[in-house]
Amino acid sequence: MKFDNDRVKIDGIDKKIIRYLIQDARRPILEIARKIGISGAAIHQRLRKLEASGLMSGSKFILNPKVLGYTTMAYIGIFLDKAMNNPSAVKELEKIPEVLECHYTTGNWSILIKVLCKDNEHLMQILNKEIQQIKGISRTETFISLDQQIDRQITI
């Protein structure tokens, strides 16, 4: 692994390690080492360097929201009265557990959020009683996701 203009350059071995871990973050290091043909200690050392570089950070378990009864995914474009209201609006949006992502955007909206709700009624309650009550939000535009067709990370 090398640095070039603040960007990390990874070699073929690093790429192989990352690909294995993206497929299954719980895959044993020794199994990866055997498949690549290097020692487990070398894998650990490379992983520490990749984490220190900021390229990789942590690992996580992914919950299946449908099992918990959350079946409605929506994207909501938020129009603010003034751009200067962005920090306070985001602070309030952070308090709503159904808001999974929040992006400051170009274009028509000031903010685009991703929300996960139990159903359309729950989404309507979140919109009417929480999101649209936030000071500085003038209006919203909602798009319900019918099905997520692609879910992936950048390829290495």
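Heads up: these notes are all about the structure in this document.

Calculation rules
- Residues numbered from 1 in each chain as written.
- Predicted model: local features only at pLDDT ≥ 70, side-chain atom pairs only at ≥ 80, totals over all residues.
- Heavy atoms only, no water.
- Helix = DSSP H or I, 4+ residues; strand = E, 2+ residues; numbered from the N terminus.
- Buried < 20%, exposed > 50% of the residue type's maximum accessible area, 1.4 Å probe, protein only.
- Contact = heavy atoms within 4.5 Å.
- Axes fitted to C-alpha atoms, helices over the stretch in contact; angles between N-to-C directions.
- Parallel < 35°, antiparallel > 145°, perpendicular 65-115°, else oblique.
- Nonpolar A, V, L, I, M, F, W, Y, C, P; charged D, E, K, R; others polar.
- Phe/Tyr/Trp six-rings, centres within 6.5 Å; stacked < 30°, edge-to-face > 60°.
- Core = buried A, V, L, I, M, F, W, Y, C linked by side-chain atoms within 4.5 Å.
- Patch = residues over 30% accessible without salt bridge, like charges linked within 9 Å, V, L, I, M, F, W, Y side chains within 5 Å.
- Areas by Shrake-Rupley, 256 points an atom, 1.4 Å probe, with all protein chains shown as cover.
- Salt bridge = Lys/Arg side-chain N within 4 Å of Asp/Glu carboxyl O.
- Pairing = 2+ DSSP bridges.

A word on the environment of I78
Piece 1. Tracing the backbone through its elements, the reader meets I78 in strand β3 (residues 72–80).
Piece 2. For I78, a relative accessible area of 0% puts it in the buried group.
Piece 3. A sequence separation of 66 residues divides I78 from I144, and the C-alpha atoms of the two residues are 14 Å apart.

Here we look at the environment of A33
Piece 1. Counting through the fold element by element, A33 comes out in helix α2 (residues 29–36).
Piece 2. A residue is classified by how much of its surface remains accessible, and A33, at 4% relative accessible area, is buried.
Piece 3. Along the backbone, A33 and A52 are 19 residues apart, and their C-alpha atoms lie at a distance of 20 Å.
Piece 4. Residues within four places of A33 in sequence aside, it is in contact with I38, S39, G40 and I43.

Examining the packing of α2 against helix α3 (residues 40–53)
Piece 1. Contact geometry of α2 with α3 gives a least axis separation of 8 Å together with a crossing angle of 105°. Between α2 and α3, the interaxial angle falls into the category roughly perpendicular. Residues I29, L30, I32, A33 and I36 of α2 touch α3, and the partners they reach there are G40, I43, H44 and L47.
Piece 2. Taken together, the residues of the contact of α2 with α3 break down into 7 nonpolar, 2 polar and no charged.

Description of the packing of aromatic side chains
Piece 1. Under the criterion given, the structure shown has 1 aromatic pair.
Piece 2. Measuring from ring centre to ring centre gives 5.9 Å for W109 and F143, while their planes differ by 65°; the resulting arrangement is edge-to-face. Here W109 is found in the loop between β4 (99–104) and β5 (111–117), whereas its partner F143 is found in strand β6 (residues 137–145), with 34 residues between them in sequence.

A closer look at the side chain of N85
Piece 1. As for its placement among the helices and strands, N85 is situated in the loop between β3 and α4 (86–93).
Piece 2. Given the relative accessible area of 18%, N85 is considered buried.
Piece 3. Filtering out sequence-adjacent residues up to four positions away, N85 remains in contact with L80 and G136.

Examining the nonpolar core
Piece 1. Membership of the largest hydrophobic core comes to 18 residues, with the highest contact counts inside it found for I76, I78, L93, I113, V115 and I131.
Piece 2. Secondary-structure elements contributing two or more residues to this core are β3, α4, β5 and α5 (120–129).
Piece 3. With near-sequence residues (within four places) excluded, V115 lies in contact with T72, M73, A74, I76, E98, V99, L100, L123 and I131.
Piece 4. In this structure, L21, A33, I36 and I43 belong to the second largest nonpolar core, which totals 11 residues.

Thoughts on a nonpolar patch on the surface
Piece 1. The grouping of I22, I154 and I156 at the surface amounts to a nonpolar patch, some 280 Å² of accessible area in total.
Piece 2. Inspection of the secondary structure assignment puts I154 in the segment after β6.
Piece 3. Residue classification places I154 among the exposed residues on the basis of a relative accessible area of 69%.

Examining the sheet that holds β6
Piece 1. Taking strand neighbours across the sheet as the criterion, the 4 strands line up as β4-β5-β3-β6 in an open arrangement whose pairing is antiparallel. In this open sheet, the two edge strands, each paired with only one partner strand, are β4 and β6. Looking at each pair of strands side by side, their axes are set apart by 20° on average, direction ignored.
Piece 2. Running over the sheet, α4 touches β3, β4 and β5 and is turned about 10° from β5.

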